[in-house]
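Spelled out, the chains give:
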Amino acid sequence: AAGREELKVSESVPMKDARRLAHKLANAVYKHYTRETGPFETRIAFTRKSPAGRDIYVSDWANQLLVSPKFTVLENREKADLIRLTVNDLGFPQGATTDQIYQKAKGFGLELCPAETGPCLRLSTDDPDYMLIAMEQITGRGGNPDVFGLGSAADGLGLDASRARPERRWRADNQFVFLLRKKKL
């Protein structure tokens, strides 16, 4: 609305913490528009080395999924054939919601990945492209349904979590990893 103040935030920090202030302000704006806690003050839970020796950073949000009782590991080891598709590849050039994406993939005979696919894939590939794991959502921070996200930063690779509410709208260029079929070892 023109001429109406939408958001007012008052914070002060020492100059050495200017970056932290920027993150706090970004969180305030995000919460104002989405009514959800913002992701901008995430911390690294731990790091590990990839097979090629690159650092892998695990965000505290991904760590919340890893320690959730809903995160399980399959009892029997299986070989998984995975496919990575953009939302556009699934037939949504204008983007789509999580539910629409999952339904369309199911219609193509694709399956949701086990949750362990996220950490396993992050440990086994140095691919820096950001991709989301199409999986049954796990309730994470603030009670939101999350999925694992794999990406990179200038100094390493990351395992993160992303909100995946059923009605969340994804861009046409967002990439999701699905399961083609399972094979017993």
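Residues numbered from 1 in each chain as written. Predicted model: local features only at pLDDT ≥ 70, side-chain atom pairs only at ≥ 80, totals over all residues. Heavy atoms only, no water.

**With respect to the pattern of salt bridges**
Now for step 1: In the structure shown here, the tally under the stated rule is three salt bridges.
Now for step 2: A salt bridge links Arg165 to Glu167; its shortest N-O distance comes to 3.2 Å.
Now for step 3: In this structure, Arg171 and Asp173 form a salt bridge, with 2.8 Å as the shortest nitrogen-oxygen distance.
Now for step 4: According to the relative accessible area criterion, Arg171 is exposed, its value standing at 52%.
Now for step 5: Residue Asp173 is classed as partly exposed on the basis of its relative accessible area of 48%. (Salt bridge = Lys/Arg side-chain N within 4 Å of Asp/Glu carboxyl O. Buried < 20%, exposed > 50% of the residue type's maximum accessible area, 1.4 Å probe, protein only.)

**A short note on the pairing of strand E8 (residues 156–163)**
Residues in a regular strand point their side chains to alternate faces of the sheet.
Now for step 1: The buried fraction of E8 amounts to seven of the eight residues, a majority that puts the element mostly inside the structure.
Now for step 2: Examined bridge by bridge, strand E2 (residues 55–59) and E8 share three bridges and lie parallel to one another. Paired with Ile56 across the strands is Leu157, a residue of E8. (Helix = DSSP H or I, 4+ residues; strand = E, 2+ residues; numbered from the N terminus. Pairing = 2+ DSSP bridges.)

**As for the packing of aromatic side chains**
Now for step 1: One pass over the structure, following the stated rule, counts four aromatic pairs.
Now for step 2: A ring pair is formed by Phe176 and Phe178, whose centres lie 6.4 Å apart and whose planes are at 35 degrees; its orientation type is tilted.
Now for step 3: Phe176 gets classed as buried once you look at its relative accessible area, which sits at 1%.
Now for step 4: Grouped by ring-pair contacts, the aromatic residues Tyr102, Trp170, Phe176 and Phe178 constitute a single cluster.
Now for step 5: Just above the ring of Phe92 sits the side chain of Lys104; from NZ or CZ to the centre is 5.1 Å.
Now for step 6: Lying across the ring of Trp170, Arg168 places its NZ or CZ 3.7 Å from the centre. (Phe/Tyr/Trp six-rings, centres within 6.5 Å; stacked < 30°, edge-to-face > 60°. Lys NZ or Arg CZ within 6 Å of the ring centre and 35° of its normal.)

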